[in-house]
Every structure is written in C-alpha cells, then in structure tokens.
Amino acid sequence: MTLTPEIIAILMLDGLFLFFSSIAFVLSLKLYWSWDSEATTLLQYRLEKESYLVGLIIKYIFMLKVPLFLFFIYTCDTLSGIITGAMCAAGVVNSVDFGLFLLLFKLLNLYLFGFWLLLHVRDVESELQPYVRQKSLFFGIAFFFFVAEIVLEILFFTSLNISKIVSCCGTLFSASTQSSLSFLFLMENWMIVSLFYASFILMLVGFMVKNGAVYLFSNLLFLFFAIVSLILFFSTYVYELPTHHCPFCLLQSDYYGVGYFLYAALFLGTFYGICGVVIATLTKGFILRAMRFSLFFNSLYVVMVSAYVVVYFLKNGVWL
Amino acid sequence: MKFNLYLLEFALFSLIRKGAKTLFVFLILTFLIFLLASVLFISDAIKHELNVSVAHLPELTLQRLQAGKQVNVPLKRVEPLLEIEGVASVIPRVWGYYYFKVAGVNFSVVGIDAFEQSYKESLQKVVDAYDVKALEKESGMIVGAGVKKILEENYYQDFFNFVTADGKWKRMHIMGSFNADISLQANDMILLPKKSAYEIFGMPENEATDVVVKVSNPEEIPTIVSKINQLYPDMRVVTKEDIRVSYQNIFDYKSGFFLSLFVVSAFTFFMIIYDKLSGLSSEEKREIGILKALGWSMDDILKERFYESFILCFGAFLLALALSMAYVFFWEAPLLRSLFVGYSTLKPSFELPFYFNMPMIVLLFLLSVPVYIGSVMIPSWRAAMLDADEVLR
C-alpha cells in the first residue's frame, strides 16, 4: 500500500462520510418507522426537525462526492505513473480484481444520491412533506451501497501494490485479449454506432411526444450504447489511432482532458433523463424541465463525440 | 436552491459581530491550512525539480555488484557494451564522496575528461566553459557554489589540499566555480580531471565507479536491459524510469507521513470547533429566537449558518494559500524545507522553483474545507432547531 497525499485525502473524506451517513441512516430509519404527518406528538415534532438534518447531511455528502469522483479518477491517473505497466487510470483500476466494481459503485451511488436529492427537493416544496417515508426508505437502502463503496475503496487503496505489474489499457481494451470486455469487440462498429444514434433519435421522439416512459427507456439505452460506442468507435477518433480503445486515457492532459467534459455531459444528461423522469412521474411534477435538461446535456455529448469523427474526416479525408 | 444575497450579507455581518470568536477560528484554520499547503508545495516543487533533472539523465546507469555491494566496473567492459545494438554511447564515470573533516561535510567529487562527453547537459556546459586540458596541466578544479563557500570559510581561497588514499597531500587549484541551473545536485560538487580523481580515490586507472549508457530509442530500453543482464549478470541496471518512480515514492512518502500527522490535528480541530459551536451562548440563542419570531424558517437559518462557515473557511483557505505561496516561493520556506532536503551538513542552498498546479489546489481544498463544514453542520442544525418561544421566554 502507498500513502500518497491524494489517497490520504480520499480516505479521510471517506471516514467523514461514513460518520455522517451513519447518522443520517439511523435518523432515516427512525423517520421511516415513526413518521406520521397527522400526529401532533412530541416525537413527530422532533422528527420533523431531524428530517432537516438528514437532508443537510446528504446534501453535504453529495456536494463533495461529485468533485471527489473526478478526483478519484485523477488520483488513479497519477498513480499510473508509479505502478509498473499502468499508463492511465485503467491499469490502476484493474490492478485489483474489484477495481471495476468500485468504479461502478461510485457511479451508481452518484445516481442514487442525486435521485434522493431530487426527491428531497420535491418533498420540501410542499409544506406537508408527502415523501418523507419514501425518501427515508430509499436512503436506508442506498446507505448499504454507499458503505459498500467506501469499504471497496479502502480495500482498493490498501491492496494497491506498486511493485506488481499490471496491464495497460492497450491490452485491457483490445479485441485480442480474453478480458471481460472482449465480447464487445465481436460487434461490428457500424452496428454499435447506428444503435447509439438510433437511441438518441428515439430520445428525441420521446421528447417530442412528451412521453416519459419512452424517454426513460431511450435514456437507459443511450447510456449503455454511448459507453460501448465510446470504447469501440469514438475513442479511436479522439486518439486518432485505430487500435487505442481506452475510455480512461480520454481524461489525460494529452487529449486536453476532454474525457471530463464528455463524461460530465453524458452522466448529467442521462441522470436527468432517468432519475428526473422517474421522480417527475412519481410525484406528478414537471416532467418537461427534467427532460429539457437531459436533452440538452445528451445532445451536447452527441455533438462532441460526433465532432471528433467529422473533424477527423475533414482533415484527413478518410475514416479510421 | 435559490441564492439569497441578503442572507449572505447577514452572514457576513454576523461573522463580524462575533468578532473574537470568528478571529480565533479563522486564525487557527489559516495556520493549519498554511502548514499543510507549505509542505505540499515544497514537496511538489522539489519533486518537479528532480523530475526535470531526471529527464536530462542518460537512460541507463550500470552498477557492478559483488556480494550485494557496489564495486568498481572494469573499463574493458565498455567495448562489449558499445557493441549492443541501439546503444548510442557508453560513458564510464569516476566519482565519489570526499569527506572534509574540518567542516564535517561530504563533497561529491566528479572526474571529467577533455575528450569525453559528459553524461548530463548541465555538466557538459560547465565543462565546455573551462579548458579541461588546462585543468589537467595545472591540476585545477571547478567547484560548486556551496563548496566554494565552505572552502573560503576554512581559508582555502584559491587551492585545496586533498588527502589521497595513500595519505599524501594533493594540491588542487580552484579554477572557477559554477552555479548550475539545477543547484540541488551541483551545490556540493567538485569537478576535477579524471587523473586526479583516480589519485584521490586511490582507484586503479582501469576501473570506473559506474557506467552510464545512452539509448537513442526509448522503446528499445527493455531489450537492451535484458541483453546487458545476459552479458554481465553481476551488473545492476537502473533505468531513468526507476529513478523517477523512486523519487515519486520518496516524496509521496514524505508528504504522506506529514499528512497523516495533519489528519490527526485536523480531527482535533474538528472536535474543538464542534465543541465550541455546540455550546450556544444565551446571546446566540436569543438571536435565533428573534430570527425565528421574525419569520425565518429553519432552512433559512441553516443556510445562513452555511454561508457563515463557508465564508470563514474559504477565506482562511485563500489567505493560507497566498501566505504559503509567499513563504515557499518568496522566502524559500525556512525551517520546513529541511524536512525534505535531507540530512547532510552541506545542505544544498537551492531555490525552490515556482511550480503550481491545479490538482494541488483541489487536493488542499478537499483536505481542509469539507472538514470544517462537516464540523459545523451538526452544531448549526442544533442551533436552528431551537424554538422561538422557548428561547425568548
């Protein structure tokens, strides 16, 4: 294990998060069991105040989790300089068996916390706070995912071995290896790219007919195909190298850190598309606003990745 | 979440109203972040400087090991090394440390040769500036700025008497001194002709201390390393990459060690703030009661408290950042830098290069501001929870 300043910072914040989220967890359970907005008891009076604290804590954690997620990726990137064989975050993340799970948990938790916050906003808009029990239950479940993430993260950093040789992204994301991702390469490029654009068109249709279900479904498809097509097709145009398929090298300064923008747009867009629409349906709120946000960021993503391909073609006159 | 400018204004004036309490927290917070930022800045700057110098190093350094100890390399090994495909040049080096008893310091003595390329550009510049043949003839030497100072303190104005391995005196004239751009390594350095170096160290002239190898194509380094290992199994090959990684590890370790201590003090601070804010004075209770009676909601009070703590710790963060930059890059970080430069009597008096990057600021921010905001969260919730009628009664 190595203790670089970045790792210490992340572990320290993890400790803080664990402490505060445990408080929020206990309060959430209490809220879930005994919340009764009709009651005029002392307990209910107290619970109303405690629900503020839960909201405060989760807002605090979420506000930090977003930059911390980027910081985590950045840390893995810097660690790739001292871990033999790793050339970007991909190698570092994959140096431990559960590295990919950690990353997935991190993403999932961002979506879960964001979902909770949207629900919270809808909840406090009304004086009756109609969704307190739902959101408490939701956090009660999300808490376990959060703890799992923190435990994985601590295990990840303690089991990092700088003298162990890891694979670099060139081998991890290539068709030839027996990696878990190699099955993706069996698909044809044109197929995956057209699926990607098709899901985007479906999303546009869903937006035009203002159908939440279609929009939600197309967003799920879009998220999946966006990531797969980024690995298979679009990344090669960013690197201008037909053999390089890494989704992490995008984040490096050699490519102007374009990955941060791409991922931010993609995740914001699909977050509003998925969570926003779910919330709007559940609480009968303004579905249009969430859709507009979502469509804006998703279109931004599509424009950015397509621009790489188009510019490459205009410059060189050939496709990769 | 709507932003309320009046609330921000109220928070600012509330901080000023609290006067001494604010100042106390502000100063301690500034000091803590200042300390942390300084240490990280110093370690980053040194790391940066070392990385720059590593970039100029030759690709491979070969050391001969015998029984796990480094021993001299026979010069006849140079020819076979040159024959390996891809090797651009092989330079045998003669260098070592000379202990100057009177001042209790070690000089790095490096042998140079007129017809030989130096292994480093900065060294080559120095060699080019002086006539090495003249040095050989007049038994002269070129010294680093730090060495010159030490020698002058000991009344060696224009020459120095080395004691050779045989116990004889060897007088060398100081022909000049240099301030290499990278003074971290060159401060304690003495350059003299190879012949004199052999004499001082008592080394046989058909040997060298170690050998550096330049490789034109970095892609070929692994192949060349394995070829060298086959040719001479007793030689250890240190690549440039190895050196860079070990530098990184050392400095990560050093700042990590300091940071671990910092985390302890940060949590102590956390507890102090928590404790201090938990005990509300009757004045503050009254204030909250009045605000609530005026129609402030719990959310408003929480927001106002958040603005207060954010202004306070962000202000402290910025001030600490500015102070530590001045301390490290302008005043050259007295006291703290000795933590990093290492234990050596002839400490190199180098200048810390200005090196500043955005991730470092993010790191500092993440280490300081969330801790403070976290520590005020529960106390301010407690305060906001107070009921108007109970407080004002």
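In this text the structure is predicted, and so the values were computed from the model without any measurement.

Conventions we followed
Along each chain, residue indices are assigned from 1 in the same order as the chain's sequence is written. As they are written, the chains are lettered A onward and the ligands numbered 1 onward, keeping that order. Side-chain atom pairs in this predicted model are given and counted only at pLDDT of 80 or more, local residue features only at pLDDT of at least 70, and totals for whole chains, interfaces and linings cover all residues. The side-chain values count all of the structure's non-hydrogen atoms but skip hydrogen atoms and water molecules. Contact between two residues is taken to exist if any of their heavy atoms lie within 4.5 Å; hydrogens are not considered. Two parts placed together each lose some accessible area; with a 1.4 Å probe, that loss summed over both constitutes the buried area. Take a side-chain nitrogen of Lys or Arg and a carboxyl oxygen of Asp or Glu: if they are within 4 Å of each other, that pair is a salt bridge. Polar contacts, as counted here, are pairs of nitrogen or oxygen atoms within 3.5 Å of one another; within protein the pair requires one atom able to donate a hydrogen and one able to accept it, and residues that are adjacent in sequence qualify only if both atoms are side-chain atoms. The numbering of helices and of strands both runs from the N terminus, where a helix is a DSSP run of H or I of at least 4 residues and a strand a run of E of at least 2. Each residue gets one of three labels, nonpolar for Ala, Val, Leu, Ile, Met, Phe, Trp, Tyr, Cys and Pro, charged for Asp, Glu, Lys and Arg, and polar for the others, Gly among them. The definitions used throughout rest on a 1 Å grid laid over the protein atoms alone, on which a cavity is an enclosed set of points accommodating a 1.4 Å probe that cannot get out and a pocket is an open set flanked by protein within 12 Å on both sides along at least five of seven lines; lining residues are those having an atom within 4 Å of a point. Grid points are joined across faces, edges and corners, and a volume is the space filled by probe spheres set on the points. Angles shown run from 0 to 180 degrees and are taken between the N-to-C directions of axes, each axis being a line fitted to C-alpha atoms and, for helices, limited to the stretch in contact. Oblique is the label for any angle not covered by the other classes, which are roughly parallel (under 35 degrees), roughly antiparallel (over 145) and roughly perpendicular (65 to 115). The hand of a helix crossing depends on one turn: near helix anticlockwise from the far one by less than a right angle means left-handed, and clockwise means right-handed. Only protein chains enter the accessibility calculation, which uses a 1.4 Å probe. A residue is then buried if its area is under 20% of the maximum for its type, exposed if over 50%, and partly exposed in between. Two strands are counted as paired when DSSP detects at least two bridges linking them. Note on ring pairs: Phe, Tyr and Trp rings are taken, using the six-membered ring of Trp, and paired if centres are within 6.5 Å. Classes follow the plane angle, with under 30 degrees stacked, over 60 edge-to-face and the rest tilted. Charge over a ring is defined by NZ of Lys or CZ of Arg lying within 6 Å of the ring centre and within 35 degrees of the ring normal. Residue ranges assigned to the domains are those given by an automatic or database domain assignment.

A. Quick peek at the interface of chain A and chain B. Listed per partner, the contact involves 29 residues of chain A and 32 residues of chain B. Between chain A and chain B, roughly 2,800 Å² of surface is buried when both sides are summed, and carbon and sulfur atoms account for 80% of that area. A per-residue breakdown of the area chain A buries against chain B is headed by M12(A), K49(A) and Y52(A), which together make up 21% of the total. Seen at the junction of chain A and chain B, the total is one salt bridge. K49(A) is the salt-bridge partner of D387(B), the closest N and O atoms lying 3.0 Å from each other. One can count five residue pairs in polar contact (both at pLDDT 80 or more) joining chain A with chain B. Broken down by secondary-structure element, the contributors of at least two residues to the side of chain A that touches chain B are α1 (5–34) and α2 (42–79) of chain A. If you tally residues by element for the side of chain A that touches chain B, the top one is α2(A), at 15 residues. Partitioning the side of chain A that touches chain B into residue classes produces 22 nonpolar, two polar and five charged.

B. Quick peek at empty space enclosed by the protein. Residues and elements named next belong to chain B. The full count for this structure, using the stated rule, is six cavities of 30 Å³ or more. Quantified by volume, the largest cavity comes out at close to 210 Å³. If you go around the largest cavity, you meet 15 residues; those closest to its centre are L15, K18, L277, E308 and Y372. Elements that contribute at least two residues to the lining of the largest cavity include exactly α1 (5–18), α2 (20–55), α12 (298–330) and α14 (358–385). In terms of residue class, the lining of the largest cavity is made up of seven nonpolar, three polar and five charged.

C. Structural view of the packing of α12(B) against α14(B). All names here are of chain B. At their nearest, the axes of α12 and α14 sit 9 Å apart, and the two run at 150 degrees to each other. Considering the angle they form, α12 stands roughly antiparallel to α14. Note on packing geometry: the crossing formed by α12 with α14 is right-handed. Among the residues forming the contact of α12 with α14, the class breakdown is 21 nonpolar, three polar and one charged.

D. Fine view of the pattern of salt bridges. Taken as a whole and judged by the stated rule, the model has 18 salt bridges over all chains. A salt bridge links K106(A) to E153(A), with the nearest nitrogen and oxygen atoms 2.8 Å apart. Linking K106(A) in helix α4 (residues 99–125) with E153(A) in helix α5 (residues 132–158), this pair joins segments that are 47 residues apart in sequence. The same class applies to K106(A) and to E153(A), which are both buried. One salt bridge in this structure joins D44(B) and K47(B), with 3.9 Å as the shortest N-O distance. Taken together, the residues D44(B) and K47(B), both in helix α2 and three residues apart, mark about one turn of the helix. As far as burial versus exposure is concerned, D44(B) and K47(B) are alike and both buried.

E. Main features of the pairing of strand β1 (residues 60–66) of chain B. All names here are of chain B. Judged by how many residues are buried, β1 sits mostly within the fold: five of seven residues are covered. Pairing of β1 with strand β12 (residues 210–215) involves three bridges; the strand directions are antiparallel. Its bridge partner lying in β12, T61 is registered against V212. As judged from the five bridges shared by β1 and strand β13 (residues 235–239), these two strands associate in the antiparallel manner. Directly across from L62, in β13, lies its bridge partner V237. Two elements, β1 and strand β2 (residues 69–71), share three bridges in a ladder whose sense is antiparallel. Counted as the bridge partner of L65 is Q70 from β2. Remark: two residues form the turn of the hairpin made by β1 and β2, two consecutive strands paired antiparallel; A67 in that turn has positive phi of roughly 55 degrees.

F. Looking closely at the packing of aromatic side chains. Applying the stated criterion across every chain yields a total of 58 aromatic pairs over all chains. Ring pairing ties together the aromatic residues F17(A), F19(A), F20(A), F25(A), Y60(A), F113(A), F139(A), F143(A), F144(A) and F146(A), which thus form one cluster. The cationic tip of R171(B) hangs over the ring face of F159(B); the distance from NZ or CZ to the ring centre is 4.0 Å.

G. Here's a closer look at the sheet that holds strand β8 (residues 159–163) of chain B. Residues and elements named next belong to chain B. Overall, mixed pairing links the six strands, which are arranged β5-β6-β10-β7-β9-β8 in an open sheet. Unpaired on one side and paired on the other, β5 (95–100) and β8 mark the two borders of the sheet. Direction aside, neighbouring strands of the sheet carry axes that sit 35 degrees apart on average. Of the strand pairs in this sheet, strand β6 (residues 105–112) and strand β10 (residues 189–193) are connected by five bridges, and their pairing is parallel. Its bridge partner being in β10, V109 is matched across the sheet by I190. Docked against the sheet, helix α6 (residues 145–153) engages β5, β6, β7 (140–144), β8, β9 (169–178) and β10, running at close to 105 degrees with respect to β7.

H. Fine view of the environment of R286(B). Residue and element names in this part refer to chain B. Mapped onto the secondary structure, R286 falls in helix α11 (residues 282–293). Between the C-alpha atoms of R286 and L392, which are 106 residues apart in sequence, the distance is 6.3 Å. Other than its neighbours up to four places away in sequence, R286 contacts V391 and L392.

I. Representation of the domain arrangement of chain A. Residues and elements named next belong to chain A. For chain A, the assigned domains read domain 1 (5–158) and domain 2 (169–316). A separation of 25 Å is found between the C-alpha centroids of domain 1 and domain 2. With 19 residues of domain 1 at the contact, the number on the domain 2 side is 21 residues. Summed over both sides, the interface of domain 1 with domain 2 buries roughly 1,800 Å², with 77% coming from carbon and sulfur. For the domain 1 face of the interface with domain 2, the top three residues by lost area are Y111, F115 and R122, together amounting to 32%. The tally of links from domain 1 across to domain 2 stands at two residue pairs in polar contact (both at pLDDT 80 or more). Mapped onto the side of domain 1 that touches domain 2, the elements with two or more residues apiece are α2, α3 (89–93) and α4. In terms of residues, the side of domain 1 that touches domain 2 owes the most to one element, α4, which gives eight residues. In terms of residue class, the side of domain 1 that touches domain 2 is made up of 14 nonpolar, three polar and two charged.

J. Examining the domain arrangement of chain B more closely. Its domain assignment divides chain B into domain 1 (5–53 + 246–392) and domain 2 (58–239). If you average the C-alpha positions of domain 1 of chain B and of domain 2 of chain B, the two centres end up 48 Å apart.

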